[in-house]
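Listed here are the chains, written in short residue letters.
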Amino acid sequence: MGARVENQATTTFFDKAEIQDPLFRQTGLMAKLRKQLGHAKSSSPYWQNALADIDPENIQSREDLARLPILRKNDLVTLQAGEDLFGGIATDQGRIKRVFFSPGPIVEPQADVPDPWRMASALYAAGMRKGDLIANCFSYHLTPAGFMFDEAAAKLGATVFPAGVGNTETLVDAFNHFQISGYVGTPDFLQIILEKAKGLGKDISCVRHALVSGGPLFPAMREFYEGENIAVRQCYGTAELGLIAYETEGDGMVMAEDCLVEIVRPGTGDPVNDGEVGEVVVTTFDPTYPLIRFATGDLSATLPGQADCGRTNGRLKGWLGRADQTTKVRGMFVHPQQIARVVKTYPEIGRARLEVTETDGKDQMALLCEIANVAPGLLDDIAQTMRAETRLRADIQVVAPDSLPNDGKVIEDKRVLGV
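Predicted, not measured: the structure shown is a model, and the values here were computed from it. (Residues numbered from 1 in each chain as written. Predicted model: local features only at pLDDT ≥ 70, side-chain atom pairs only at ≥ 80, totals over all residues. Heavy atoms only, no water.)

### Regarding the UniProt feature "domain: AMP-dependent synthetase/ligase" (unreviewed entry) in the chain
According to UniProt, the feature "domain: AMP-dependent synthetase/ligase" (unreviewed entry) maps to residues 155-282 in the numbering used here. Measuring from the first to the last C-alpha atom of residues 155-282 gives 23 Å, for a span that is 27% helix and 30% strand. (UniProt positions renumbered as here; feature names shortened; annotations may be inferred. Helix = DSSP H or I, 4+ residues; strand = E, 2+ residues; numbered from the N terminus.)

### A word on the environment of L260
Along the chain, L260 turns up in strand β11 (residues 259-264). Excluding residues within four positions of it along the chain, L260 makes contact with L29, M30, L33, R62, L65, V281, V282, T283 and F285. (Contact = heavy atoms within 4.5 Å.)

### Let's talk about the pattern of salt bridges
Tallied over the entire structure, the rule returns 19 salt bridges. A salt bridge links R72 to E279; the nearest nitrogen and oxygen atoms lie 3.1 Å apart. Of this pair, R72 sits in strand β1 (residues 71-72) while E279 sits in strand β12 (residues 278-284), placing them 207 residues apart in sequence. For the pair formed by R72 and E279, the shared burial category is buried. Of the charged contacts in the structure, one is a salt bridge between E151 and R98, with a shortest N-O distance of 3.4 Å. Here E151 is found in helix α6 (residues 145-156), whereas its partner R98 is found in strand β2 (residues 96-102), with 53 residues between them in sequence. With a relative accessible area of 27%, R98 lands in the partly exposed category. Taken together, the shared-partner salt bridges in this structure form one network comprising K97, R98 and E151. (Salt bridge = Lys/Arg side-chain N within 4 Å of Asp/Glu carboxyl O. Buried < 20%, exposed > 50% of the residue type's maximum accessible area, 1.4 Å probe, protein only.)

### Examining the side chain of R311
As for its placement among the helices and strands, R311 is situated in the loop between β14 (302-303) and β15 (315-316). The exposure class of R311 is buried, given its relative accessible area of 3%. In terms of polar contacts, R311 uses its side chain to reach the backbone carbonyl oxygen of T12, at 3.3 Å. One polar contact links R311 to Y246, side chain to side chain, over a distance of 3.3 Å. For R311, the residues in contact, after removing those within four places along its chain, are T12, F13, E18, I19, A125, Y246, T248, V254 and Q306. (Polar contact = N/O pair within 3.5 Å; in protein donor to acceptor, adjacent residues only side chain to side chain.)

### Comments concerning the environment of F175
Mapped onto the elements of the fold, F175 is located in helix α7 (residues 168-178). C-alpha of F175 to C-alpha of E18: the two residues are 157 residues apart in sequence and 32 Å apart in space.

### Topic: the packing of aromatic side chains
What characterises a pair of aromatic rings is the spacing of the ring centres plus the angle enclosed by the ring planes. For the structure on display, the rule yields nine aromatic pairs. When the ring of F138 is compared with that of F149, the centres are 5.0 Å apart and the planes differ by 10°; the resulting orientation is stacked. Pair noted here: F138 is in the loop between β4 (133-136) and α6 and F149 is in helix α6, with a separation of 11 residues, a long-range link. Under the relative-accessibility criterion, F138 is labelled buried at 10%. With a centroid separation of 5.5 Å and 50° between ring planes, the pair formed by F161 and F178 is classed as tilted. Placement of the pair is F161 in strand β5 (residues 159-161) and F178 in helix α7, with a sequence separation of 17 residues. Taken together, the aromatic side chains of F100, W117, Y140 and F147 make up a single cluster linked through ring pairs. (Phe/Tyr/Trp six-rings, centres within 6.5 Å; stacked < 30°, edge-to-face > 60°.)

### So, the sheet that holds strand β21 (residues 411-413)
Sheet architecture is open: four strands sit in the order β20-β19-β18-β21, paired in mixed fashion. Only two strands of the sheet have a single partner each, and these edge strands are β20 (395-399) and β21. Taking each pair of neighbouring strands and ignoring which way they run, the sheet shows an average axis angle of 25°. Where helix α11 (residues 378-390) meets the sheet, its contacts fall on β18 (349-359), β19 (362-371) and β20, and the angle it forms with β19 comes to roughly 130°. (Pairing = 2+ DSSP bridges. Axes fitted to C-alpha atoms, helices over the stretch in contact; angles between N-to-C directions.)

Set out below in structure tokens:
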């Protein structure tokens, strides 16, 4: 086991769609989107209501896509609290193969199709091939992570050792016995296995490729794996959406095929400018469980140009933090959506950021606004709108255009940071 059947140099890409003309890809995605919108509107109780005023045939561009409502993860919790297990989103429960119960709690279905989370291309980009023996060190218990990569390996034609998490000594024996060639799991667990093997005097130098997710791959950890002659790549995905982006050669992560990725201003559904940090919003085309403009709560940004590997899809910088910056001020919760509504009221404002500080035990709020020209009375109007929206007073401060950091923050709680 573990011997590679297919020469790695045979082909560079898992699917020729990865190198298609970007305009052709965009046209195809818009066509798929219109079909998915029509299907969701006719077959899903939730989408029938949410898309009541939307004619799918009028959605022709990404600008049109941005007019559709946002579906947030917290919405799933609320929707699923009712009688319908899937919150009225699923269209055909007869095509659901497995169901999972992730923290939240959130119910997540698995459609009865090959590689439903579309992870195979990430495995391939990480160097894994047909005939490889892969240790899947994600959990198969309650949540879908283990099955996400298990299904992908099956589509790839690789053999899976369902290792799961824990039992490190046993895993060392298994890696040695099976001559495991690939690893899938969190970034740190493979290092734990390798160090345990050294302590036990067992040779598991058979491991040559790793695909990691579910945690940060720190530079020192990447260097450690390079020292062990293991090529490691990252991928970014969620249990609901599957693969969103994956690492190849060079900087950033290539966006996955067969999904629409947007970056929006946190608290809104409005797309940001190219390169600006915002919240990752994704639309997928699973007809069984349609997720349209699903907000992940993660921050990222697009990168210019194409990847060095030749894949032609857009790129993300990777995971840059969380978009949910809700904070409590003087006993009241202040949400990014509230700040976004205030800013949207005044076209004079470019970007804005609410800074929360503490002086002598009292909370203070300052709304920093990028404004080029301040008209008389404008700041007073903004202050009144802030108070009406949040029920709290805020000092309105003008800053120069493009002076606020490009980090996706709408609310910065400096009390937490101790600044």
